[in-house]
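Take a look at the letters that make up each chain.
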Amino acid sequence: MSSEIYNMVIDRNARLVKVENSGDYFLFTFESPEISRLARPGQFLMVKVSTGVQPLLRRPISIHNAENSILQIFFQVAGEGTRLLSLKKPGDTLDLLGPLGTGFSIKPEFSGRLIFCVGGGRGIAPLYFLARKLNEAGATPVIFYGGRTAADVPLKTHLESAGLETLTSTDDGSLGFHGLVTSLVEKELAARKPAFLFACGPEAMMERLAEICQQKRIPGEFSLESIMGCGFGACWGCVRKIRRNGRTGYLKVCQEGPVFPLEQIVWQEDENG
Amino acid sequence: MSSEIYNMVIDRNARLVKVENSGDYFLFTFESPEISRLARPGQFLMVKVSTGVQPLLRRPISIHNAENSILQIFFQVAGEGTRLLSLKKPGDTLDLLGPLGTGFSIKPEFSGRLIFCVGGGRGIAPLYFLARKLNEAGATPVIFYGGRTAADVPLKTHLESAGLETLTSTDDGSLGFHGLVTSLVEKELAARKPAFLFACGPEAMMERLAEICQQKRIPGEFSLESIMGCGFGACWGCVRKIRRNGRTGYLKVCQEGPVFPLEQIVWQEDENG
Amino acid sequence: MVDLSVDLGFLKLKNPVLAASGTFGYGLEFKPFYNLELLGGFVVKGLYFNPREGNKPPRLVETPSGLINSIGLQGIGVEAFCREILPQLADLDTAVIANVCGEDEDEYARVAEYLSRHNGLAALELNISCPNVREGGRCPAQNPEATYRTVKKVKQVTSIPVITKLSPNVTDITSVARAAEEAGSQAISLINTILALAVDPETRRPKLGNVMGGLSGPAIKPVALRMVFQVSRAVKVPVIGMGGITSATDVVEFMITGAAAVQVGTANFVDPDACLRIIQGLEDWARSHGVERISELTGSLKI
Amino acid sequence: MVDLSVDLGFLKLKNPVLAASGTFGYGLEFKPFYNLELLGGFVVKGLYFNPREGNKPPRLVETPSGLINSIGLQGIGVEAFCREILPQLADLDTAVIANVCGEDEDEYARVAEYLSRHNGLAALELNISCPNVREGGRCPAQNPEATYRTVKKVKQVTSIPVITKLSPNVTDITSVARAAEEAGSQAISLINTILALAVDPETRRPKLGNVMGGLSGPAIKPVALRMVFQVSRAVKVPVIGMGGITSATDVVEFMITGAAAVQVGTANFVDPDACLRIIQGLEDWARSHGVERISELTGSLKI
Ligand SMILES: Cc1cc2nc3c(=O)[nH]c(=O)nc-3n(C[C@H](O)[C@H](O)[C@H](O)COP(=O)(O)OP(=O)(O)OC[C@H]3O[C@@H](n4cnc5c(N)ncnc54)[C@H](O)[C@@H]3O)c2cc1C
Ligand SMILES: Cc1cc2nc3c(=O)[nH]c(=O)nc-3n(C[C@H](O)[C@H](O)[C@H](O)COP(=O)(O)OP(=O)(O)OC[C@H]3O[C@@H](n4cnc5c(N)ncnc54)[C@H](O)[C@@H]3O)c2cc1C
Ligand SMILES: Cc1cc2nc3c(=O)[nH]c(=O)nc-3n(C[C@H](O)[C@H](O)[C@H](O)COP(=O)(O)O)c2cc1C
Ligand SMILES: Cc1cc2nc3c(=O)[nH]c(=O)nc-3n(C[C@H](O)[C@H](O)[C@H](O)COP(=O)(O)O)c2cc1C
Ligand code: FES
Ligand code: FES
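Since we're looking at a predicted model, the values are computed, not measured. (Residues numbered from 1 in each chain as written. Chains lettered and ligands numbered in written order. Predicted model: local features only at pLDDT ≥ 70, side-chain atom pairs only at ≥ 80, totals over all residues. Heavy atoms only, no water.)

Caption draft 1: Representation of the nonpolar core. Among the nonpolar cores identified, the biggest contains 320 residues, and L115 of chain C together with L115 of chain D are the most heavily contacted of them. Residue contacts for L115 of chain C: discarding those within four places in its chain leaves L47, V78, F81, C82, A98, V100, L121, L124 and I160 of chain C. (Core = buried A, V, L, I, M, F, W, Y, C linked by side-chain atoms within 4.5 Å. Buried < 20%, exposed > 50% of the residue type's maximum accessible area, 1.4 Å probe, protein only. Contact = heavy atoms within 4.5 Å.)

Caption draft 2: A look at the site of ligand 2. Residue and element names in this part refer to chain B. Taken together, 20 residues surround ligand 2, and among them R59, P60, Q76, G81 and T82 come closest. Take R122: an N or O atom from its side chain is 3.0 Å from an oxygen atom of ligand 2. For ligand 2, whose accessible area on its own is 850 Å², the fraction buried by protein is 77%. Tallying contributions element by element places strand 4 (residues 59-62) first for the shell around ligand 2, with 4 residues. When grouped by side-chain class, the residues that make up the shell around ligand 2 number 10 nonpolar, 6 polar and 4 charged. (Near = heavy atom within 4 Å. Polar contact = N/O pair within 3.5 Å; in protein donor to acceptor, adjacent residues only side chain to side chain. Areas by Shrake-Rupley, 256 points an atom, 1.4 Å probe, with all protein chains shown as cover. Helix = DSSP H or I, 4+ residues; strand = E, 2+ residues; numbered from the N terminus. Nonpolar A, V, L, I, M, F, W, Y, C, P; charged D, E, K, R; others polar.)

Caption draft 3: Summary view of the sheet that holds strand 8 (residues 123-127) of chain D. All names here are of chain D. Taken together, 8 strands build a closed barrel; the order of strands is 3-4-7-8-9-10-15-16 and the barrel is parallel. With strand direction ignored, the average angle separating the axes of adjacent strands in the sheet is 25 degrees. As paired elements, strand 3 (residues 17-19) and strand 4 (residues 41-47) share 2 bridges and run parallel to each other. Along strand 4, the bridge assignment pairs A19 with F42. Each of strand 4, strand 7 (95-100) and strand 8 touches helix 2 (residues 105-116); the most contacted strand, strand 7, lies at about 150 degrees to it. (Pairing = 2+ DSSP bridges. Axes fitted to C-alpha atoms, helices over the stretch in contact; angles between N-to-C directions.)

Caption draft 4: Geometry of the interface of chain C and chain D. Contact residues are listed per partner, giving 45 residues for chain C and 44 residues for chain D. Taken over both partners, the interface formed by chain C and chain D buries close to 3,800 Å², and the fraction arising from carbon and sulfur atoms is 64%. For chain C, the biggest contributors to the area lost against chain D are T171, L197 and R204 of chain C; these three give 18% of the whole. Run the count over chain C and chain D and you get 0 salt bridges. In this assembly, chain C and chain D are joined by 14 residue pairs in polar contact (both at pLDDT 80 or more). Looking at the side of chain C that touches chain D, the elements that each hand over two or more residues are strand 11 (194-197), strand 13 (205-206), strand 14 (212-216), helix 5 (221-232) and helix 6 (248-257) of chain C. The biggest single contributor to the side of chain C that touches chain D is helix 5 of chain C, with 6 residues. Residue composition of the side of chain C that touches chain D, by class: 27 nonpolar, 11 polar and 7 charged. (Buried area = accessible area lost by both parts, 1.4 Å probe. Salt bridge = Lys/Arg side-chain N within 4 Å of Asp/Glu carboxyl O.)

Caption draft 5: View of the site of ligand 1. Residue and element names in this part refer to chain A. Around ligand 1, 20 residues are found, and the nearest of them are R59, P60, Q76, G81 and T82. In this structure, an oxygen atom belonging to ligand 1 sits 2.6 Å away from a main-chain N or O atom of P60. Taking T82, its side chain carries an N or O atom lying 2.4 Å from an oxygen atom of ligand 1. Across the complex, the protein chains shield 77% of the 850 Å² of accessible surface that ligand 1 would expose by itself. Secondary structure elements with two or more residues in the shell around ligand 1: strand 4 (59-62), strand 6 (70-76) and helix 2 (80-86).

Caption draft 6: Structural view of the domain arrangement of chain A. Residues and elements named next belong to chain A. The domain boundaries assigned to chain A delineate domain 1 (3-100) and domain 2 (108-223). With 16 residues of domain 1 at the interface, the matching set in domain 2 holds 15 residues. At the boundary of domain 1 and domain 2, one finds 1 salt bridge. Of the charged contacts, one joins R132 and E67 as a salt bridge, the two residues approaching to 3.5 Å between their closest N and O atoms. Viewed at the interface, domain 2 and domain 1 are joined by 7 residue pairs in polar contact (both at pLDDT 80 or more). Elements with a minimum of two residues in the side of domain 1 that touches domain 2: strand 2 (25-31), strand 5 (65-67) and strand 6. It is strand 5 that provides the largest number of residues to the side of domain 1 that touches domain 2, a total of 3 residues. (Domains from an automatic or database assignment.)

Here's what the structure looks like:
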C-alpha cells in the first residue's frame, strides 16, 4: 500500500458555505480544512449524498479546488445521488471522505513549458485546480473546455477570470469553436505543441485524444471514471484494464488512479472486443 | 364495499401553507380543497413522506381539522417517516390520499348533551375537529388531554382559544392534573357523567377507558392505530380483532375503522393471552 | 401509436401490466381511482375453498426499500367470491385472473374446479408459493415434484388457462419452472415474496405476529430479475415477471430480461393508481425510444 | 462496564463485530481509519491458491438499499498473502480470519493446508457460497453433500478452527448448515450474497460485466435474519450472522435472533469506520438497556 493513502480523512462536518448553480451544474464551496490541506489536483472525494441507506454508496467527485481551508467541487446532476447532493443548501454540513487517489503529476520539468488541459463536460472539474498548480509551478497551462452546447460550459468565465487561457468548443457551435473539443485540440496543435497533455471527460473524447497524443508524440495523463464502491481500495469494484510494466490487468481506479499515463490505458472498446 | 370509500382523493399537490412546531410535535396546515370538503372527524390521510422508495409506505395521520379548503394535521415525530415529514417547509407540496376510514359518529341525540373527548399524546390529533363538529351539533364537548410532561400537551392553548373546555393532565404533574388522563376522567366522572365518550391515544389508556366506560355504562367510540400498508382496504395488513354482530374476527382498521364502538374492540392483551 | 398489447398465446392482453395478487384486493377496491379496463388485467387476492381468518397481527413491517407481510391469505373463500365478487368483475373488458390456493394438492383442484364453473375468468394463477401459510414458510413451489403434481391435478379439472406462480425460496428455480411447464402450465409467473424475518430489539419479539413473512418491494427487484432471466431461458411458455416494480422503466427491464408481461404488487399500496401511471409511462417510454410494439422488448437482452 | 466479549468455543472475541470478507480488503486498507485491534476481528478477502484476475467490469451496481457485486474474487493468491500480508497482520491483537476459496473441493483443502503452515490466523472461513465465480452462480453451499465433502476435506488438513459460510440461494438452509456441522465445522457464518441481476434499459445489456452478481446491503437484512433464525435453531455450533448490518441495533437484532457474533460487510464501503462506530454503539446500547454481557442477547428471541 502506498503511503499517500494514509493522508485521507473523514470530515463529517464539512460545512457548505456557498452554492453556485447553472442549469444542471453546481459549484459547491466547503470549509474542510484538513482535506483542503492534503488535497492535490486530480484527487477526488467520496461524498455522502443521503443520510439513510438510499442511495447506499457515496459518490466520487473530483476536487475542483483546494485553497486556504476551503474545498470546492463542481458537479453535474446525473442521477439520484447527484440530485440529492444538488439540494444541499449553504449552512448544511456534509460528510466527505478524501482526498483520494493519486492525482495528476506536476513535474519540475513543466516549468516554462506549454501544457494542455482538456476537459469535456463535467470532466472540467479537476482541471481548474490542476491549471492553478501548473501556473504556480511556472508552466503555461491552456484549458480546452468542450460541451454539447453553451449551457454545458458554465465554468468558462470562472476559468478566464482566474487568468487561465481557456479555449471553448460546443458541438452545436453555440459557444466558441463549433465542433468536438478534440477537433479544437487538433486545430490548436497545428499552431503550438505542448510538453504534456492532461485530460478528463467522456470515454470517447479521451480515447480520441490518446490517438492524437500518440500520433504527435505528446505524453499525457488522463483521469478515468468508473463505478466506485468505496473509493479507498477496499472493494475491488472500480477496476479498469491497465497495461503497466509489460503486464495487463485490472487495477483499482480509486487507488492506482483515477489518473493514469495515457499509454497505460486499455480503452473499453478494445476490452470488449 | 361501502359507498363512502368512493369519497377519497389523491391530492398530489397539497400545498403546505403553515408549519407550527413545538418540540417533537408539528401542526401542518395544507391547502387541499377536495379532501377538506370531504373530510369528517375521525378520518385520516395516507401521507407520502418521501419521494423515493425509502421509506416505502405512506404514513397514516388523522385529520386534525378541515375547514374552507384547508386541511390540518398534527403529528409527533415517531421514526424516520414522521421525521422526514417534519422537514417539509411552507410552500412544499405533498401527496395526500384521503379522507379515509369511517370517522366518529356524531349523532343527533348528542344535542344538548355532555360529551367527553379523551386524547393521550398524539391521540389528541382527531379530537379538535370532532369537538368543533360536536359544538356545531349543539353538544357540549369536554376535551381531556393527557401527556407524560408539559411538553407533550402542546395543543392546550390552541384548543382553549377555540373555546373548547380542555382539562389537561401530565404524568409528572408539570401541567394540569398530576397523573394519568384516565384518572382525570374518573375524577371528573364523580362530578358529571357524559352521554358519550370518544377516545384516541395509547392502547393502555384506551383499554383502561373501556373498563371505566363499561363500569359506568357510558357508550363510546375509540380510534385505533395499526400498521397500515395501503389505508384503503387493499392489503388486509391493518386488521384488529373485532367483536361485531356476535362474531369475532379480523377487520380492517383502515376501512371498518379506525373508529370502533368500544364494546367491539378486543384488546391486544386478551388477544395475545 | 405504440402497440402495447402482448399475446401470451392463451390470452391477449391490452398491455403487459397486471396488478399482482394480494395487492389489489378483489379489484373493486381500486375502482375509485381509475377505470379498471385500462389495465392489462389484474389478479385477485388468493382464494382458498373456505373463508380464512388470516394470520395474527401485526401483519406488516417495513424494511429498507421493502415490505414484509404475513397476511396469511385472509379471505372470503371461493364460494363467496363467485357469488358476490365475480359477477361485478365478469363484464370488465380486461383480463381478470383468480389466484388459486390450497392447503394440499386436492384443495387447489377443488378451488380451480369450482371457479371453472363460472364465467369471467381469463386465467387461473396457481399460488403454490405463498410463504405465509405453512409452518416454516414451506410451499409446493419449493419442490419440482410437488409442483408437477399440483399443476397436473388442476389441469385435469379446468379448461381455463393456468399460470403457475413460483417461489424465490429455492436453490434452482429453473427445475421448478420446467416441472410446471411439463405439467401443462401455460405460463409461469414469478416471483412471490422472499421468506424474511424482522425483530424488535426492544421487545425481543418478531415484528410480525406470525414470526416470518414474505419480503416484497424494490428491495427484491434484483433477485426477481435474476430469476426471470433464468426461467425465461429454461421454459418455452411465457413468463410473467414481478417483484419490486414501481415504474415504467422497471417494466422495460423485466421485459428485456425475458418477461412477456409483468405484475405490479406492493406499489399499488403506495400509489393506488400505480398501475395506471406505469402503463402511461410505458407508452411514453416506447414512443421516446422508437419502440412500436412493446412486445418486441421481451427477451431482447444482449449478453 | 459492559462485557462485549463473546466466546465461540474455539475462539474468544473481544466483541461480536467482525469485518466481513471481501469488504475489508486484507485489513491494511482500513488502518488509516482506526486501530484494527478494536475489532472483534476481521475476515480477509477470499483467497484462492493462485492469483486471480477477477471478473470483467463493471463490477458494481447499486439497487434500492442494496449493492450487487461481481468482483469475482480478484486477489493475490495464498502464497503472496502468506508472504506479503499475513506477517503484517499476525501480531495484531484481534482475530484475523482467512476466507478460503476453491475451484473444486481439492483446492479448498490445498489453500487451507497452505495457510495452516503459517501463524497468525484465528480461524478459516470456508467460502463455499460465492455466487460470482461459477457459471450460473452455482456453489458447493447449494448442496448438503458437496458442503459435507468440502468441509470434511478441509478439516482433514488443518488444525485451525473452521467456519463454514453459507449461501442464501437455497431451498433449505438448515440442511446445508447441518451438513457443515456434521463434517466438523466449528461455526456457521451466513449469509453470503443473494444471486441477482440488473439490466440497463437503454443499452439492453446487463449492468454487470459478468451478467449476474451478488446482492448485499440493507435490502437483504430481512432475509439474512430469517436464515440466522432457521440455522441457529438447527445446529449446536455458534452462528455468525451477517447481511445488511449498518448499525448497533442491527447487531442486536441478529444476536437476539440467534447469532453469537456478526460480520459487517457493505457498510465498510460507505463508512470506513463503520465497524468501530457499531462497536461503540453496541456498548452504548447495552449500557442504556441494562445488558451487562452482550453475549446474553444470543438467541433471546421470544416467540
Ligand atoms: C474519480 C471520479 C471523479 C468524478 N468527479 C466528478 C466531478 O467532479 N463532477 C461530476 O459531476 N461527476 C464526477 N464523477 C462522476 C460522478 O461520480 C457520477 O456522475 C455520479 O456518481 C453519479 O451518481 P448519481 O447517483 O447521480 O447517478 P446514478 O443514478 O448512480 O448514475 C447515473 C449514470 O451515471 C453512471 N455512473 C454512476 N456512477 C458512476 C461513476 N462513478 N462513474 C461514471 N459513471 C457513473 C451510471 O451508470 C448511470 O448511467 C466522477 C467519477 C469518478 C469515478
Ligand atoms: C389511523 C391512524 C391515524 C394516526 N394519526 C396520527 C396523527 O394524527 N398524529 C400522529 O402523530 N400519529 C398518528 N398515527 C401514528 C403514525 O401513523 C405513526 O406514528 C407513523 O406511521 C410512524 O411512522 P415513522 O416512520 O415515523 O416511524 P416508524 O419508524 O415507522 O415507527 C416508529 C414506531 O411507531 C410504530 N408504528 C409505525 N407505524 C405505526 C402505525 N401506523 N400505528 C402505530 N404505530 C406505528 C412502529 O412500530 C415503531 O415502534 C396514526 C396512525 C393511524 C393508524
Ligand atoms: C400484502 C401482500 C399480499 C400478498 N398476497 C398474495 C396472494 O394472495 N397470492 C399471491 O400469489 N401472491 C401474493 N402476494 C405476492 C405478490 O403478488 C407479489 O408476488 C410479490 O409481492 C412481489 O411483487 P411486488 O414486489 O411488486 O410486491 C402478496 C404480496 C403482498 C405484499
Ligand atoms: C464487494 C464484495 C465482495 C465480497 N467478497 C467476498 C469474499 O471474497 N468472500 C466471501 O466469503 N464473501 C464475500 N462477500 C460477501 C460478504 O462477505 C457478505 O457475506 C455479504 O456482503 C453480506 O453482508 P453485507 O450485506 O453486510 O455486505 C463480498 C461482498 C461484497 C459486497
Ligand atoms: S472503489 Fe473500492 S477499490 Fe476502488
Ligand atoms: S391498510 Fe391496507 S387494508 Fe387496511
